[in-house]
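# Commentary on secondary and tertiary structure
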Amino acid sequence: MTTQPTPAATTPATYLALSGPLRLGLGIEYRNVEKRFGPVRALRPTSLEIHPGEFVALLGPNGSGKSTLLRLTAHLARPTAGTILFRGPAGYESGLAARWRLGVVGHATMLYDDLTAEENLQLFARLYQIEGAASIISARLEAAGLAERRSDLVRTFSRGMRQRLTLARALLHGPGLLLFDEPTTGLDSAGCEWLARELGSLHDSGCTIIMSTHQGGEVTALATRTISLESGRIVRDTGSTATLASPDAGRGCAPLLPSP
Amino acid sequence: MATHPELAQDRNVSAAPAISSSSDSPLWSGLWAIFAKEVRTELRTRELLVTTAVFALTVVFMFSFSFDPTSEESRHIGPGLLWIAFLFAGTLMLEPAFLREQTNDTLAALRLAPIAPSAILLGKTLANFLFLLITEVILVPVFVVFYNVSVANVLPGLALVCLLGTLGIVIPGTIFSAVTAHARMREMLLPLLLLPVLTPILIAATEATASLLSDPPEWPGMALKLLAGADIIFLTAAYFLFDSMLEE
């Protein structure tokens, strides 16, 4: 029987002390993690370690288990077997404590269409108990290029604008671990370029990033490590130093951006 | 696409924001944030209140014109009709409570937040409670006029019955709304699950209202105790079971 590390208690106060003025990436350990939905094995027993500050691209076709792995990491689903451990600056953290340091951008926008851009961010600032939320929200809206549309309902936004606001929401509380589930879905080439810039900046700032995609391209090329899944199991892991700059990156997938 | 400064160039944005160290517990802050969001959305769209108020008023009008009851008959059948109207209004109102969270997977965003899962349920329950009470405040005066009953002398008692009975409808209703939100036949499933659970609540609320409207009025002590007891049981069960209900 494996002895589980004791999670460090992370409260709002200790979170600030631990994360400091800049983000500190969160590491993750998957120990024989498995997920079944009835008879379907969405993820076969998987052991994996992701180090703080890594940018991991999860590749694979639809149904390969990418989204399942991300939802398990985000604690939106419970593993059928196995354990997921988070390693922060002070040691192991419980899944609940890690929520303070987790940002997720999924298929859907996770935004309320009947609230304005500002109201959406205000809601999540309250949920994350962020102090001085007004100035942070203004800065986020400015960074997303939505300052002038802050009072407009999200339902009036284009897909690209929604995606920028989604990222602003996910970054509001300064997470150290960011999960992106096919974030380029529905984005045009300009949107993909913008996302690539943002992801590069976030990675440079020290965030751990895990991004699922079934495409190659500019966004995926930023990754420092790629893990390929098929039928719920890892079939290829480049390790933490490789990049997708190799010629066979994204082979078999439609290019994300049109060739110049 | 609009241009905007890159994130890394803005150190204020790149820095981790301060998280309040002296604020409310995650349960209460989450509860109030979700309640405020529900109220703000409803004030903007008026989808639930308008639909349910019109529907409940239609029920009361239809019964009134169908039976044309005397004052004495109204005291006997009126309480049952009133609570059937409340139940219909509640069922109509509760179904979208979690369905609306599916549109953009906003429920996942709420579940990701570092708040107690029960804060999601309680925030929504509180909002549904307020909306159904508003519907009842509109409905009761219409009921008084159309059914020729006097409630002036028993208003505090009737208000207490409405508060406890409404709570008894919205707590299990909000839970089942969450449970059925992913189901294919959710429109049929919610009433099917809800009605058997609400039967004791409706019987007690109807009995209590009938006692108050009788001549002379009687204090419905036992029915009120039953309503209060059921509310506490529903609330306790919801608090402890809600997290596992949302899990995949």
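As a reminder, the structure under discussion sits directly above these lines.
Below you will find a few notes about this structure. No experiment lies behind these values; they were computed from the predicted model shown. (Residues numbered from 1 in each chain as written. Chains lettered and ligands numbered in written order. Predicted model: local features only at pLDDT ≥ 70, side-chain atom pairs only at ≥ 80, totals over all residues.)

### Focus: the overall build of chain B
Put simply, the rule is: Secondary structure elements follow DSSP: runs of H or I no shorter than four residues count as helices, runs of E no shorter than two count as strands, and numbering proceeds from the N terminus. Backbone-placed C-beta atoms define the burial measure: a residue is buried with 20 or more other C-beta atoms within 10 Å of its own, exposed with 12 or fewer, and partly exposed in between. This entry defines residue contacts through backbone-placed C-beta atoms, with two residues in contact when those atoms are within 7 Å.
The number of helices and strands found in chain B is 10 helices and zero strands. Secondary structure elements of chain B occur, N-terminal to C-terminal, as α-α-α-α-α-α-α-α-α-α. Put simply, chain B has 248 residues, and 48% of those count as buried. Long-range contacts, defined here as pairs at least 24 residues apart, represent 83% of the contacts in chain B between residues at least 6 apart.

### Description of the sheet that holds strand 10 (residues 233-237) of chain A
Residues and elements named next belong to chain A. Under the convention used in this document: Any two strands with at least two DSSP-identified bridges between them are counted as paired. Helix axes are fitted only over the stretch in contact, all axes being lines through C-alpha atoms; the angle between N-to-C directions runs from 0 to 180 degrees.
The six strands lie next to each other as 6-7-8-3-9-10, forming an open sheet whose pairing is mixed. Looking at the sheet topology across the chains shown, the edges are occupied by strand 6 (102-105) and strand 10. The average angle at which neighbouring strand axes cross in this sheet is 20 degrees, direction not considered.

### Describing unusual backbone geometry
Of note, the amide linkage connecting aspartate 215 of chain B to proline 216 of chain B takes the cis form, showing an omega dihedral of 5 degrees. When you line up the elements, proline 216 of chain B lands in the loop between helix 9 (186-213) and helix 10 (221-246). Within the chain, serine 231 of chain A stands out as a residue other than glycine whose phi angle is a positive 50 degrees. As for its position among the elements, serine 231 of chain A is in the loop between strand 9 (225-230) and strand 10. For serine 231 of chain A, a count of 14 C-beta atoms within 10 Å puts it in the partly exposed group. Phi angles above zero are rare outside glycine, and aspartate 105 of chain B is one such case at about 60 degrees. Tracing the backbone shows aspartate 105 of chain B in the loop between helix 5 (96-99) and helix 6 (106-112).

### Quick look at the packing of helix 4 (residues 71-94) of chain B against helix 8 (residues 155-180) of chain B
In a packed pair of helices, the relevant descriptors are the angle between the two axes and the axis-to-axis distance. Residue and element names in this part refer to chain B. Stated formally: Here roughly perpendicular refers to angles of 65 to 115 degrees, roughly parallel to angles under 35, roughly antiparallel to angles over 145, and oblique to all remaining angles. Handedness of a crossing is defined here by the sense of rotation of the near helix relative to the far one, left-handed for an anticlockwise turn of less than a right angle and right-handed for a clockwise turn. Basically, the charged four are Asp, Glu, Lys and Arg, the nonpolar ten are Ala, Val, Leu, Ile, Met, Phe, Trp, Tyr, Cys and Pro, and anything else, Gly included, counts as polar.
Across the interface, helix 4 lies against helix 8 with an axial gap of 10 Å and an inter-helix angle of 30 degrees. Accordingly, the angle class assigned to the pair helix 4 and helix 8 is roughly parallel. Crossing geometry of helix 4 relative to helix 8 is assigned as right-handed. When helix 4 is examined against helix 8, the residues Trp83, Phe86, Leu87, Gly90 and Leu94 are found in contact with a partner set consisting of Gly165, Ile169, Val170, Gly173, Thr174 and Ser177. Per-class residue counts for the contact of helix 4 with helix 8 are six nonpolar, five polar and no charged.

From the geometry alone we can't say anything about function, so treat these as descriptive.
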